Amino acid sequence: VKIYLCTFLKLTIFITGLSSSPSMNYLYTNEIKAMLYSFGDSKNPSLQTAQYLESVLKTQIQRFLSAANNIRICRRGKLINLEDIGFVIRKDPFKLRRLLNFIHFKEIKGKLESKLEFHSSEAEFTDIKPLCEDNVENKSDIDSNSAKIEPDIFKITNDEKKFSWMLPVQGTDTFQLNRLLEIDNLTANMSKDEYLEFAECRQSSFVYRKNKKFREFIGGWRIHDNIMDVLGYICYEMVYNIATMVLTLRDKRRGYKVKFGQSIPISTDEIDEVCWLILKENRLFF
């Protein structure tokens, strides 16, 4: 028992590191509370749990970036880039595939937004003819404009080509489907106002309009600007994985699954237990 407790204490210190000290500057408490609620925690998650989870995240993203930085050093690169991050998670091709999908759709969104902004600004200085006119010439113009802004979702990206040797995926990744089912269960009995609040919490982000704060959070690593969103996504998934594991353990102990959210907030002890299990299996928190 003494050996177990000592080992657990060491792992707890390793999980939280020095970042769990009272003097830590908590930057993402509100965002993490919103994320916990959107992942199935009670409507009012514990402030202490959110702060403790932030300290865990900070330590784990440092470990993750340290591993990526070692890859950067080996290849003699100047900055940590996407290839370094991909190499760290190469042993889980499903996670790597989801990460590439995130990047791909982010690029599509950026292209669409820039083109739509261009078209809207162009329309301000152009006489626009009514679209309801049954005119072949107008129709061809509309079709050509639509074709210009339609993204090729199924196009193989350069990132996928780079990581093709890491993606010998066999089987089906049901991760996203399971997440959608969880959201469906959580929102089944919500009113309109409750659902709007839930949807707003789901949009919580570590990076969106918070680049400066996120750089402070991850530390002074030499990283490429284009992976800031990727690291934010990884932190978001860390919160999801930890919260989901906590709720899964609760369901196993009570013998049934709670569908419509929790009445008791996730505690720091439950976070500790899940972190212990992850480290015991030698897995990434992401």
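Residues numbered from 1 in each chain as written. Predicted model: local features only at pLDDT ≥ 70, side-chain atom pairs only at ≥ 80, totals over all residues. Heavy atoms only, no water.

**Comments concerning the pattern of salt bridges**
Part 1: Tallied over the full model, the rule gives ten salt bridges.
Part 2: Put simply, Glu31 and Lys210 hold a salt bridge, and the shortest N to O gap is 3.1 Å. Of the two residues, Glu31 is situated in helix α2 (residues 29-38) and Lys210 in the loop between α9 (192-202) and α10 (211-218); the sequence distance between them amounts to 179 residues.
Part 3: Measuring nitrogen to oxygen at the nearest pair gives 2.9 Å for the salt bridge that ties Arg179 to Glu237. Residue Arg179 is located in helix α8 (residues 175-187), and its partner Glu237 is located in helix α11 (residues 228-254); the two are separated by 58 residues in the primary sequence.
Part 4: Residue classification places Glu237 among the buried residues on the basis of a relative accessible area of 4%.
Part 5: Linked by salt bridges that have partners in common, Glu31, Lys210 and Lys213 make up one network. (Salt bridge = Lys/Arg side-chain N within 4 Å of Asp/Glu carboxyl O. Helix = DSSP H or I, 4+ residues; strand = E, 2+ residues; numbered from the N terminus. Buried < 20%, exposed > 50% of the residue type's maximum accessible area, 1.4 Å probe, protein only.)

**Considerations on the packing of α8 against α11**
Part 1: At a minimum axis distance of 14 Å, the contact between α8 and α11 shows a crossing angle of 65°. In this view, α8 runs roughly perpendicular relative to α11, as classed from their interaxial angle. In this structure, α8 crosses over α11, and the sense of that crossing is left-handed. Side by side, α8 and α11 meet where Phe175, Arg179 and Glu182 of the first sit next to Tyr236, Glu237, Tyr240, Asn241 and Thr244 of the second. (Axes fitted to C-alpha atoms, helices over the stretch in contact; angles between N-to-C directions. Parallel < 35°, antiparallel > 145°, perpendicular 65-115°, else oblique. Left-handed = near helix turned anticlockwise from the far one by under 90°. Contact = heavy atoms within 4.5 Å.)

**Some remarks on the packing of aromatic side chains**
Part 1: Summed over the entire model, instances satisfying the criterion amount to eleven aromatic pairs.
Part 2: Their ring planes at 80° and their centres at 5.7 Å tell us that Tyr37 and Phe198 sit as a pair that is edge-to-face. Of this pair, Tyr37 sits in helix α2 while Phe198 sits in helix α9, and the two are 161 residues apart along the sequence.
Part 3: Judged by relative accessible area, Tyr37 falls into the buried class, the value being 9%.
Part 4: Relative to Phe214, the ring of Phe206 has its centre 6.5 Å away and its plane inclined at 50°; by these criteria the two rings are tilted. The pair Phe206 / Phe214 is uniform in exposure class, with both members buried.
Part 5: Aromatic rings pair up to connect Tyr28, Phe206, Phe214 and Phe217 into one cluster.
Part 6: When the ring centre of Phe87 is taken as origin, the NZ or CZ atom of Arg90, which lies over that ring, is 3.9 Å away.
Part 7: Directly above the aromatic system of Phe175 lies the positively charged group of Arg98, at a separation of 3.9 Å from the ring centroid. (Phe/Tyr/Trp six-rings, centres within 6.5 Å; stacked < 30°, edge-to-face > 60°. Lys NZ or Arg CZ within 6 Å of the ring centre and 35° of its normal.)

**Digging into the packing of α2 against helix α3 (residues 47-74)**
Part 1: In the contact formed by α2 and α3, the axes pass within 9 Å of each other and the chain directions differ by 105°. When the axes of α2 and α3 are compared, the pair comes out roughly perpendicular. Two secondary-structure elements touch here, α2 through Thr29, Ile32, Lys33 and Leu36 and α3 through Leu47, Thr49, Ala50, Gln51, Leu53, Glu54 and Leu57.
Part 2: Residues belonging to the contact of α2 with α3 are distributed by class as follows: six nonpolar, three polar and two charged. (Nonpolar A, V, L, I, M, F, W, Y, C, P; charged D, E, K, R; others polar.)

**So, the nonpolar core**
Part 1: Judged by nonpolar contacts, the single largest core of 54 residues is most densely connected at Ile61, Phe206, Phe214 and Leu231.
Part 2: For this core, the elements supplying multiple residues, two or more each, are α2, α3, α4 (82-88), α5 (93-123), α10, α11 and α12 (268-280).
Part 3: With 15 residues, the single largest contributor to this core is α11.
Part 4: Discounting residues that sit within four places of it in the chain, Ile61 has contacts with Phe217, Ile218, Leu231, Ile234, Cys235 and Met238.
Part 5: Of all hydrophobic cores here, the second largest spans six residues; its members include Tyr37, Ile183, Phe198 and Cys201. (Core = buried A, V, L, I, M, F, W, Y, C linked by side-chain atoms within 4.5 Å.)

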